[in-house]
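Descriptive analysis of the structure
As a plain string of letters, each chain reads:
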Amino acid sequence: MTRHEIRQWTFLSLFQYDFYKESPEDDLLRDQIQLFLESDGDFPGDDSERDLICSRAMDMISTVDDLDRRIDEASESWQVSRMNKVDLTLLRLAVYELCYDRLEPGIAINEAVELAKEYGTDESGRFINGVLGQIARQL
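Everything quoted here is computed from the prediction, not taken from an experiment.

**Some points on the environment of Glu111**
If you trace the backbone, Glu111 turns up in helix α7 (residues 105–119). What makes Glu111 buried here is its relative accessible area of 15%. Glu111 sits 18 residues away from Leu93 along the chain, and the two C-alpha atoms are 9.9 Å apart. Ignoring any residue separated from it by four or fewer positions in sequence, one finds Glu111 in contact with His4 and Arg7.

The following block contains the structure:
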């Protein structure tokens, strides 16, 4: 799998977080992500790539409070609680890559905008670019 595909499948896995976050057990969420990846007939990866994606999604979920705080601070007129779930998930993924993976800002922002074009609304790319640009400047 390419890095883009791993990022895409991590996004799709992480998207489920808001639907299962009420569960007190990480094991249930991990199981849901694994089940999603195993049951999707379009998943192009092997077991090691599936494990990598699941692990990355769980790592991001463990830092979601910090990610959301950074997003809230950078998005001037939008609170995390009011953002659509696709945009929020893409922002979380990119902010994680910027702050924890130390990915070059241009790459993280471009990848998030490209995924927004595929999964978001017509306004998603511009919104995500603006928020991530602000976070990148703060870093």
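**Quick word on the layout of surface pockets**
Computed from the structure, the largest pocket encloses a volume of approximately 170 Å³. Lining the largest pocket, in full, are Arg3, Ile6, Arg7, Thr10, Leu52, Arg56, Leu93, Glu97, Asp101 and Leu103. Contributing elements (two or more residues each) for the lining of the largest pocket: α1 (3–15), α4 (47–62) and α6 (85–99). In terms of residues, the lining of the largest pocket owes the most to one element, α1, which gives four residues. Here the residues of the lining of the largest pocket sort into four nonpolar, one polar and five charged.

**Let's talk about the packing of aromatic side chains**
Within this structure, the stated rule accounts for six aromatic pairs. Arranged with centres 5.1 Å apart and planes meeting at 85 degrees, the rings of Trp9 and Phe43 form a pair that is edge-to-face. Residue Trp9 is found in helix α1, and its partner Phe43 is found in the loop between α3 (26–39) and α4; the two are separated by 34 residues along the sequence. This pair shows no difference in class: Trp9 is buried, exactly as Phe43 is. Arranged with centres 5.1 Å apart and planes meeting at 15 degrees, the rings of Tyr96 and Tyr100 form a pair that is stacked. Among the residues examined, Tyr96 registers a relative accessible area of 9% and is labelled buried. The partly exposed category is assigned to Tyr100, whose relative accessible area is 37%.

Analysis parameters
- Residues numbered from 1 in each chain as written.
- Predicted model: local features only at pLDDT ≥ 70, side-chain atom pairs only at ≥ 80, totals over all residues.
- Heavy atoms only, no water.
- Helix = DSSP H or I, 4+ residues; strand = E, 2+ residues; numbered from the N terminus.
- Buried < 20%, exposed > 50% of the residue type's maximum accessible area, 1.4 Å probe, protein only.
- Contact = heavy atoms within 4.5 Å.
- 1 Å grid on protein atoms, 1.4 Å probe; cavity = no way out; pocket = protein on both sides within 12 Å on 5 of 7 lines; lining within 4 Å.
- Points joined across faces, edges and corners; volume = space filled by probe spheres on them.
- Nonpolar A, V, L, I, M, F, W, Y, C, P; charged D, E, K, R; others polar.
- Phe/Tyr/Trp six-rings, centres within 6.5 Å; stacked < 30°, edge-to-face > 60°.

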